[in-house]
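What follows is the residue order along each chain.
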Amino acid sequence: MKKRIVYPGYIIIVTVFFLYYLFPGDAVTAYINYQINNMSPEVQLSIKELKPAFPPGIKLVRPDLLHQNQPIIGAEFLDIRPSYLSLFKKEKTIFINGDLYDGTLDSNIRLANISANPEYELEATLDNIQISTIPIAAAYEAYEISGLFNGNLVYSNKEVKAGQGIAGIIVTKSAVRFTPALFGIDQLEFKTIKADFEINNQRVTLKKLNVDSRDVSASATGSIILRNPIDKSTINIRGEVKPHPSFLKQLGNVIPLELISQQKSKTGGIPFRITGSIDRPNFSLR
């Protein structure tokens, strides 16, 4: 009786051992990279290591997504595993969790079919992401951004093939340093930034933006048209900024206070507009 239990157990342990240590990580990585390159030759996937994980799944160590050899986004690791019960259903669910930029990702994808262009629903939550460590945020010379990013995303291509969704973000303890100075201002610090977005194909609509800080408060709406590469995406945002007295005094050293007063709307804010592209935004008062 003991032999009947020990031998199968021994075989299972040995099989799992060799599957783990002989897992063809390089071959699987090459295949994934090949598939991504087929979708866009300018996009590459770099993975330091790929190995099986327990409970059954795959762990990606230091995955980085690159565009024209420039890092876009990456992670310390990602754990990818299926919902095992969903494997017996028409709709499959895959969980993707990991550590990235000193924060965490918790997400799941529900696939209606397994194909080259599957229908899917995506839900993702990001917690405590350090913005300054994200390559795409650190790539711009005109301004340097820092802060803690928290956000959630719901996105699907089931009803609209091009894809649609909603997203919400909250940024805390953030700052923007301008190079060169903007209207004589080297840096702005913010207590909270809250924004809600609607995504439809290549258009990202800014439904609501609220900014609160020691220096200013602001609100805005607008849109971003996504381009390739991403830093060429076009911006069209309008809003109002209300400088607090201390900041207004600092701004008066560059712009006459009389001129600032003339710019104020009926609500007491100063209308502004941001146009141009992500890498070269144009800021104007109107």
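Now for the overall build of the protein chain. Helix and strand counts for the protein chain stand at four helices and 15 strands. For the protein chain, long-range pairs separated by at least 24 residues make up 39% of all intrachain contacts whose partners lie at least 6 apart in sequence. For the protein chain, the exposed surface amounts to about 18,000 Å²; the carbon and sulfur share of it is 59%.

With that settled, the discussion passes to the pairing of strand 13 (residues 234-243). Where a strand is regular, its side chains alternate between the two sheet faces. Residues Ile235, Ile237, Gly239, Val241 and Pro243 of strand 13 are buried on one face, while the alternating residues Thr234, Asn236, Arg238, Glu240 and Lys242, pointing to the opposite face, are not. Judged from the 10 bridges that link them, strand 12 (residues 216-225) and strand 13 form a sheet pairing that is antiparallel. Each bridged residue has a counterpart across the sheet, and for Ile224 the counterpart in strand 13 is Ile235. In terms of strand pairing, strand 13 meets strand 14 (residues 270-276) through five bridges, oriented antiparallel. The partner of Val241 across the bridge, within strand 14, is Ile270.

Our next topic: the pairing of strand 10 (residues 185-200). Sheet analysis places strand 10 next to strand 11 (residues 203-212), joined by nine bridges and oriented antiparallel. Looking at strand 11, one finds that Ala195 is bridged to Leu209. The hairpin turn running from strand 10 into strand 11, its antiparallel successor, is two residues long, and Asn201 in that turn takes a positive phi close to 60°.

The full count for this structure, using the stated rule, is two aromatic pairs. Ring centres of Phe272 and Phe283 lie 5.6 Å apart, and the angle between their planes is 20°; this geometry places the pair in the stacked category. Within this pair, whereas Phe272 is found in strand 14, its partner Phe283 is found in strand 15 (residues 281-285), the two being separated by 11 residues in sequence. Judged by relative accessible area, Phe272 falls into the buried class, the value being 7%. Judged by its relative accessible area of 34%, Phe283 is partly exposed. Over the face of the ring belonging to Phe77 we find Lys59, whose NZ or CZ atom lies 4.2 Å from the ring centre.

Once that is clear, we can look at the side chain of Ser277. Looking at the secondary structure, you find Ser277 in the loop between strand 14 and strand 15. Owing to a relative accessible area of 14%, Ser277 belongs among the buried residues under this scheme. Each residue touching Ser277, except ones within four places of it in the same chain, is listed here: Asp231, Lys232, Ser233, Thr234 and Ile235.

With that settled, consider the nonpolar core. Grouped together as the largest cluster of nonpolar side chains are 43 residues, with contacts concentrated most on Phe190, Phe197 and Leu209. At seven residues, strand 10 tops the list of elements feeding residues into this core.

We now examine unusual backbone geometry. Trans peptide bonds make up the majority, and among non-glycine residues the majority have a negative phi. A positive phi angle is found at Tyr101, which is not glycine, with a value near 50°. Assignment of secondary structure puts Tyr101 in the loop between strand 5 (92-100) and strand 6 (103-111). Unusually for a residue other than glycine, Asn201 sits at a positive phi of about 60°. Along the chain, Asn201 falls in the loop between strand 10 and strand 11.

A contiguous nonpolar patch, built from Tyr84, Leu87 and Phe88 and spanning about 360 Å² of accessible area, is present on the exposed surface. Tracing the sequence through the fold places Phe88 in the loop between strand 4 (77-82) and strand 5. What makes Phe88 exposed here is its relative accessible area of 74%.

Okay, the confidence of the model for the protein chain next. Caution applies to low-pLDDT parts of the model: their predicted coordinates are not meant to be read in detail. In the predicted model, the protein chain carries a mean pLDDT of 79, and 76% of its residues have values of at least 70. In the model of the protein chain, helix 1 (residues 2-21) stands out as the element of lowest mean pLDDT, 46, in contrast to strand 11, which has the highest, 94. Here residues 9-25 is a poorly scored stretch, pLDDT under 50, and it has 11 contacts once near neighbours within four places are set aside; other chains count.

So, about the pattern of salt bridges. According to the stated counting rule, one finds eight salt bridges in the structure shown. Across the pair Glu91 and Lys158 runs a salt bridge whose closest N-O atoms are separated by 2.7 Å. Of this pair, Glu91 sits in the loop between strand 4 and strand 5 while Lys158 sits in the loop between strand 8 (143-156) and strand 9 (164-182); the two residues are 67 residues apart in sequence, bridging distant segments of the chain. Exposure remark for Glu91: the relative accessible area of 30% places this residue in the partly exposed category. In this structure, Lys191 engages Asp212 in a salt bridge whose closest nitrogen and oxygen atoms are separated by 4.0 Å. Within this pair, whereas Lys191 is found in strand 10, its partner Asp212 is found in strand 11, the two being separated by 21 residues in sequence. Classification of Lys191 as exposed rests on a relative accessible area of 55%.

The rules behind these values
Each chain has its residues counted from 1, running along the sequence as written. Since the coordinates come from a predicted model, pLDDT governs what is reported: local features require at least 70, and pairs of side-chain atoms require 80 or more to be given and counted, while whole-chain, interface and lining totals use all residues. Note that the side-chain values use all heavy atoms of the structure and ignore hydrogens as well as water. Numbering of helices and strands runs from the N terminus, with a helix taken as a DSSP run of H or I at least four residues long and a strand as a DSSP run of E at least two residues long. Should any heavy atoms of two residues lie within 4.5 Å, those residues are counted as being in contact. Reported accessibility uses the Shrake-Rupley method at a 1.4 Å probe radius. Residues are deemed covered only where the shown protein chains occlude them. Think of it in three bands: with a 1.4 Å probe and only protein chains considered, a residue is buried below 20% of the maximum accessible area for its type, exposed above 50%, and partly exposed in between. Whether two strands pair depends on DSSP finding at least two bridges between them. Pairing of aromatic rings covers Phe, Tyr and Trp, the last through its six-membered ring, and needs centres within 6.5 Å; plane angles under 30 degrees mean stacked, over 60 mean edge-to-face, and all others mean tilted. Here, over-ring charges are defined by two tests on the NZ atom of lysine or the CZ atom of arginine: distance to the ring centre within 6 Å, and angle to the ring normal within 35 degrees. For our purposes a nonpolar core is just a set of buried Ala, Val, Leu, Ile, Met, Phe, Trp, Tyr and Cys residues, chained together by side-chain atoms within 4.5 Å. The patches reported here contain residues having more than 30% relative accessible area and no salt bridge. Joining distances are 9 Å for like charges and 5 Å for nonpolar side chains (Val, Leu, Ile, Met, Phe, Trp, Tyr). Salt bridges are defined by distance alone: a side-chain nitrogen of Lys or Arg within 4 Å of a carboxyl oxygen of Asp or Glu. Values of pLDDT, ranging from 0 to 100, describe the predictor's confidence in every residue of the model.

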